[in-house]
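# A closer look at the structure
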Amino acid sequence: MKIRIIGIITLVVCILSGCFLISDEPYTFRQEFEQIVSIEILKKEYDSISPYTPMHVVKTVEPTMHQELINDLLKIEGSRIGMEPGTGFGVYIIRITYKDGEIEMLGDYNNGYITPDGKLHEDIYAFDSDQYYQVISNYLGEVITPPTLG
């Protein structure tokens, strides 16, 4: 009887904490490739969890390289984590702008999008940080490493 109660409690805790929602899966982009207008790599002015931290464009990806970057992002391991959206996207962010004005934001520990009317929606997808920063490094032509806590 005690084992059954412990099992039920464990199950409830796992459901509430979202541990069953963790699953390895490739990232799913918000729109089709043909809808992409531009892809930029952004850097926050300082490390912050706020998605509103000032940032600037460090590279605009040439349209001829869009498909290659999308393919590289699809190769990165990642997963949906938890039940609640995270806050922020990381220090380096990939911003994809679509023809309808929607903007997709991809970071190493979260993703989200901005609707054409300017509303930010954060999601629960995280890329493997080392792999994500390797892709960023390749496109910037310099070694970029994930920020360390401390």
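Just so it is clear, the structure is predicted and the values come from calculations on it, not from any experiment.

The rules we used
Residues numbered from 1 in each chain as written. Predicted model: local features only at pLDDT ≥ 70, side-chain atom pairs only at ≥ 80, totals over all residues. Heavy atoms only, no water. Helix = DSSP H or I, 4+ residues; strand = E, 2+ residues; numbered from the N terminus. Contact = heavy atoms within 4.5 Å. Phe/Tyr/Trp six-rings, centres within 6.5 Å; stacked < 30°, edge-to-face > 60°. Buried < 20%, exposed > 50% of the residue type's maximum accessible area, 1.4 Å probe, protein only. Salt bridge = Lys/Arg side-chain N within 4 Å of Asp/Glu carboxyl O.

You can see Leu69 is positioned in helix H2 (residues 66–75). A sequence separation of 66 residues divides Leu69 from Val135, and the C-alpha atoms of the two residues are 8.1 Å apart. With near-sequence residues (within four places) excluded, Leu69 lies in contact with Ile39, Val61, Ile94, Val135 and Tyr139.

A separate point is the packing of aromatic side chains. By convention here, two paired aromatic rings are described through the distance between centres and the angle between planes. For the structure shown, the criterion picks out seven aromatic pairs. Consider the rings of Tyr27 and Tyr125, whose centres lie 5.1 Å apart with planes at 70 degrees: the pair is edge-to-face. Of this pair, Tyr27 sits in the loop between strand E1 (23–24) and strand E2 (36–44) while Tyr125 is found in strand E9 (residues 125–127), placing the two residues 98 residues apart along the sequence. The pair Tyr27 / Tyr125 is uniform in exposure class, with both members buried.

Another point: the pattern of salt bridges. This model, assessed by the stated rule, comprises three salt bridges. The residue Glu40 makes a salt bridge to Arg95 at a minimum N-O spacing of 2.8 Å. Within this pair, whereas Glu40 is found in strand E2, its partner Arg95 is found in strand E5 (residues 92–98), the two being separated by 55 residues in sequence. The partly exposed category is assigned to Arg95, whose relative accessible area is 23%. Salt-bridge contacts for Asp123 lead to Arg80; the nearest nitrogen and oxygen are separated by 3.1 Å. Of the two residues, Asp123 is situated in the loop between strand E8 (120–122) and E9 and Arg80 in strand E4 (residues 78–80); the sequence distance between them amounts to 43 residues. In this structure Asp123 comes out as partly exposed when scored by relative accessible area, which is 26%.

Everything listed here is a matter of geometry and, on its own, says nothing about what the molecule does.
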